[in-house]
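Listed below, chain by chain, are the residues.
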Amino acid sequence: MKISKQRKEILHSVDTAKQVMPENFKPQTALIVDENFRLPSDFEIKAKIKLSELKPVEEPLSDRFMYFVNAYGEDIILMQRYYFYEGVSMKTLGHFIYVLKYLGVKNIISVDQTATVNSRYSVGSLALIYDQINLMGDNPLIGENDEELGIRFPDMSNAYHKELLGKMTDVFQKNFMRLNESVCLAIIGPESETEAEARFYREIGSDVVGYAFAPEVITAVHCGLKYGAIGMITRSIVADMIMSDTRTEDEKTAEQKAAYEKSYAILITILKNILKV
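None of the values given here were measured: they were computed from a predicted structure. (Residues numbered from 1 in each chain as written. Predicted model: local features only at pLDDT ≥ 70, side-chain atom pairs only at ≥ 80, totals over all residues. Heavy atoms only, no water.)

Considerations on the packing of helix 1 (residues 5-18) against helix 2 (residues 90-102)
- It is the contact of helix 1 with helix 2, at a shortest axis distance of 9 Å, that shows an interaxial angle of 55°. By the angle class used here, helix 1 and helix 2 are oblique. In this structure, the crossing between helix 1 and helix 2 has a hand that is right-handed. Contact with helix 1, carried on its side by Gln6, Arg7, Glu9, Ile10, Leu11, Ser13, Val14 and Lys18, involves Lys91, His95, Tyr98, Val99 and Tyr102 of helix 2 and no other residues of that element.
- The residue inventory of the contact of helix 1 with helix 2, partitioned by class, reads six nonpolar, three polar and four charged. (Axes fitted to C-alpha atoms, helices over the stretch in contact; angles between N-to-C directions. Helix = DSSP H or I, 4+ residues; strand = E, 2+ residues; numbered from the N terminus. Parallel < 35°, antiparallel > 145°, perpendicular 65-115°, else oblique. Left-handed = near helix turned anticlockwise from the far one by under 90°. Contact = heavy atoms within 4.5 Å. Nonpolar A, V, L, I, M, F, W, Y, C, P; charged D, E, K, R; others polar.)

As for the environment of Leu61
- Looking at where Leu61 falls in the secondary structure, it is placed in the loop between strand 2 (43-50) and strand 3 (65-71).
- Residue classification places Leu61 among the buried residues on the basis of a relative accessible area of 14%.
- For the pair formed by Leu61 and Ile230, sequence separation is 169 residues and the distance between their alpha carbons is 25 Å. (Buried < 20%, exposed > 50% of the residue type's maximum accessible area, 1.4 Å probe, protein only.)

Re the nonpolar core
- Ranked by size, the top nonpolar core spans 51 residues in total, and within it Met66, Phe68, Ile77, Leu100, Leu103 and Ile108 carry the most contacts.
- The next biggest cluster of nonpolar side chains, apart from the first, holds 30 residues, and it includes Leu78, Leu128, Met177 and Ile270. (Core = buried A, V, L, I, M, F, W, Y, C linked by side-chain atoms within 4.5 Å.)

Observations concerning the state of the cysteines
- One pass over the full model with this rule turns up zero disulfides.
- Free cysteine Cys184: the closest other cysteine sulfur is in Cys223, separated by 20 Å.
- Here Cys184 falls in the buried class, since its relative accessible area comes to 3%. (Disulfide = S-S within 2.5 Å.)

Brief notes about the packing of aromatic side chains
- Overall, the coordinates contain ten aromatic pairs when judged by the stated rule.
- Residues Tyr85 and Tyr211 carry aromatic rings whose centres are separated by 5.5 Å and whose planes lie at 80° to one another, so their mutual orientation is edge-to-face. Taken together, the residues span a long stretch of sequence, with Tyr85 in the loop between strand 4 (74-80) and helix 2 and Tyr211 in the loop between strand 8 (208-210) and helix 5 (213-222) at a distance of 126 residues.
- Among the residues examined, Tyr211 registers a relative accessible area of 16% and is labelled buried.
- A centroid spacing of 6.1 Å and a plane angle of 55° characterise the contact between Phe200 and Tyr201, whose relative ring orientation is tilted. (Phe/Tyr/Trp six-rings, centres within 6.5 Å; stacked < 30°, edge-to-face > 60°.)

Fair warning: the whole summary comes from geometry, so function is off the table for now.
As structure tokens, this is what we get:
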């Protein structure tokens, strides 16, 4: 069978990654984070490679890394993500998920900042994503489909995999943590939301808004990976409150950073058990 250009690029990237991947490294789980995510002290970096060395096409990419780490006795790949709003194509965003698949990964846990449109959720807490509404207007599967990667019309009814979701729910409950089960609305960004948009997002059934999960989960489902996502709630965009917000941009940024630190601290306390799902 003739191999597609897309799969050739994936396999080339996999071969490149394997050149630096430690011997006998057997990753079952990948953790995807933003570039500012601080690696916990329990993460022992065995090797790393720039994602720009694994990209499928000549596309300008800033420095982000794929780390091969040992954490809590497990081999784990930690990957820093790119965002669609940075001008990185959907195909490239999906490419890195396929690379994880061919490196042996079975489960992906993705963590990113989100904004809440649900007035019951607190800034600085975590959202456990169980479904999504995708308004990004593009996705990594558009174009020719390689049946060796996945079927043409993948079923998204179990996108945020129920098995992973159930295990993560147990971790939250056993640690007596508030369980903000959420529908994530996927948008492009990076501009903030208008009052009307925030109201619309809530009315159509979302709890949080994010920029990262949709391309990842679509690709994961396409190639048969189990995918789970946790939102770090760092902003509130509850309708009818945005216009009355009198904070300066500097104050908003400072409070967003404080919320990130608070949600990060919560996440780190349960990450060990999350990564063993």
